[in-house]
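# What the coordinates show
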Amino acid sequence: MTNQEAPSGVIFNIQKFSLHDGPGIRTVVFFKGCPLSCKWCANPESQDTDIQILWDQTLCVGCGACIENCPEGAIKKSGRKLYIRHDRCRRCLACVTDCPSHALKAEGKLRSVPEVLAVCLQDEAFYEESGGGVTLSGGEPLMQPGFALPLLKALKGRGIHTAVETTGCIAPEVFETALPWTDLILFDIKHWDEHKHKEGTGVSNRLILENMKHALALGKEVLPRLPVIPDFNDSPRDAEGFALRLKEAGADKVQLLPFHQFGERKYEMLDRAYAYAGIPALREENLEEFCRAFLSAGIHAFF
């Protein structure tokens, strides 16, 4: 099978030498597309399945080359601000190619399984030495099962440890097909309460909790991971609610991920409002009481 014939997917980043998304030294492959619309999302460019154009105002010299060269008339200017009509853009990338100051960037690229596998295999020796491997992240990698599953199988065929970071908001039959090829499931949980979960992410948590319970019942290695968000899910009462849901699913541990602002500037580049603009980041010392509530309920909570 040639690269052209092989399954392909839209990837927006491949990060090497990661130490935070599974054991050992890892390569993390970031997929575009997500069924959730979390208001605090640190990778807003991951939510849309399509390739997107980002504009960096700090680099723009205002030459207008992008406007002149866009065949769809999808780029407009008002004052010093550039506006991109993503609904009209057909991703020809002429604006990106012709921008003299590199103020425009294409977020996402169509890549084949052999192409991504080749990048991952460059660090195979590091995986063997450190007990690491490859993590599929996003977005939601299982939104592109026709690409994610062949990639997982190819990695396992090379004896490489695989992890999938998932929202869990995936049809059970798709989730099920990924389990035999996945060594570790990094399972994101956003809120224990269905109403609050829908308020913050746009979707119910029912399917998510069902999939997590199913994976644990099958004996899969599952690490629930909780992004702790100010005034959304960070109270001791929330910790108690999460502990109850985890116990119901059969989990006995959770990794806490304190809220940060690493993705704030991306919202500006996408011309999107950011609900958490200016909200201070949380630190581990801010969450001592939150963490203790898990421990008191018999759930091992760690950062």
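Scroll up to find the structure.
Residues numbered from 1 in each chain as written. Predicted model: local features only at pLDDT ≥ 70, side-chain atom pairs only at ≥ 80, totals over all residues. Heavy atoms only, no water.

To describe a pair of aromatic rings, you give the distance between the ring centres and the angle between the ring planes. Per the counting criterion, the structure on display carries 10 aromatic pairs. Between Tyr 267 and Tyr 274, the ring centres sit 4.4 Å apart and the planes meet at 25°, which makes this aromatic pair stacked. Taking relative accessible area as the criterion, Tyr 274 reaches 12% and is therefore assigned buried. Ring pairing ties together the aromatic residues Trp 40, Phe 232, Phe 259, Tyr 267, Tyr 274 and Tyr 276, which thus form one cluster. Directly above the aromatic system of Tyr 83 lies the positively charged group of Lys 81, at a separation of 5.6 Å from the ring centroid. (Phe/Tyr/Trp six-rings, centres within 6.5 Å; stacked < 30°, edge-to-face > 60°. Buried < 20%, exposed > 50% of the residue type's maximum accessible area, 1.4 Å probe, protein only. Lys NZ or Arg CZ within 6 Å of the ring centre and 35° of its normal.)

Here we come to the side chain of Asn 205. Position of Asn 205 among the secondary structure elements: in the loop between α7 (194–201) and α8 (206–217). In this structure the side chain of Asn 205 is engaged in a polar contact, spanning 3.2 Å, whose partner is the backbone oxygen of Trp 192. Leaving out residues up to four positions away in the same chain, Asn 205 has contacts with His 191, Trp 192, Asp 193, Glu 194 and His 197. (Helix = DSSP H or I, 4+ residues; strand = E, 2+ residues; numbered from the N terminus. Polar contact = N/O pair within 3.5 Å; in protein donor to acceptor, adjacent residues only side chain to side chain. Contact = heavy atoms within 4.5 Å.)

Take the packing of helix α9 (residues 236–249) against helix α11 (residues 288–296) next. Running from amino to carboxyl end, α9 crosses α11 at an angle of 30°, the nearest separation of the two axes being 8 Å. Taken as a pair, α9 and α11 cross one another with a handedness that is right-handed. Of α11, the residues touching α9 (which contributes Pro 236, Asp 238, Ala 239, Phe 242, Ala 243 and Leu 246) are Glu 289, Phe 290, Ala 293 and Phe 294. Of the residues assigned to the contact of α9 with α11, the class counts are eight nonpolar, no polar and two charged. (Axes fitted to C-alpha atoms, helices over the stretch in contact; angles between N-to-C directions. Left-handed = near helix turned anticlockwise from the far one by under 90°. Nonpolar A, V, L, I, M, F, W, Y, C, P; charged D, E, K, R; others polar.)

Let us look at the sheet that holds strand β8 (residues 133–137). Taken in spatial order, the nine strands make up an open sheet running β7-β1-β2-β8-β9-β10-β11-β12-β13, and their pairing is mixed. Edge positions in the open sheet fall to β7 (109–112) and β13 (300–302), since each of these has one partner strand only. Here the strands of the sheet are splayed against their neighbours by 30° on average, with no regard to which way each runs. Direction of pairing for strand β1 (residues 8–18) relative to strand β2 (residues 26–31): antiparallel, over a ladder of five bridges. (Pairing = 2+ DSSP bridges.)

Our next topic: the pattern of salt bridges. By the definition in use, this model includes 17 salt bridges. Notably, a salt bridge pairs Glu 165 with Arg 225, separated by 3.0 Å at the nearest N-O pair. Here the residue Glu 165 occupies a position in strand β9 (residues 161–166), and Arg 225 occupies one in strand β11 (residues 221–228), the gap between them amounting to 60 residues. Look at Glu 165 and you get buried, because its relative accessible area is 12%. For Arg 225, a relative accessible area of 4% translates into the label buried. (Salt bridge = Lys/Arg side-chain N within 4 Å of Asp/Glu carboxyl O.)

What follows covers the nonpolar core. Ranked by size, the top nonpolar core spans 65 residues in total, and within it Val 29, Leu 136, Leu 151, Leu 226, Val 254, Leu 256 and Phe 294 carry the most contacts. Among the elements that take part in this core, helix α5 (residues 145–157) stands out by supplying six residues, more than any other. If we skip the residues at most four places from it in the chain, Val 29 touches Ile 11, Asn 13, Ile 14, Val 116, Cys 120, Val 134, Thr 135, Leu 136 and Ser 137. Core analysis: the second largest hydrophobic core is formed by 13 residues, Trp 55, Cys 70, Ile 84 and Cys 99 among them. (Core = buried A, V, L, I, M, F, W, Y, C linked by side-chain atoms within 4.5 Å.)

Quick look at unusual backbone geometry now. Going from Gly 138 to Gly 139, the amide bond is cis rather than trans, its omega being 10°. Mapping Gly 139 onto the fold places it in the loop between β8 and α5. Its identity as a non-glycine residue notwithstanding, Phe 17 has a phi of 55°, on the positive side. The residue Phe 17 is located in strand β1 in this model.

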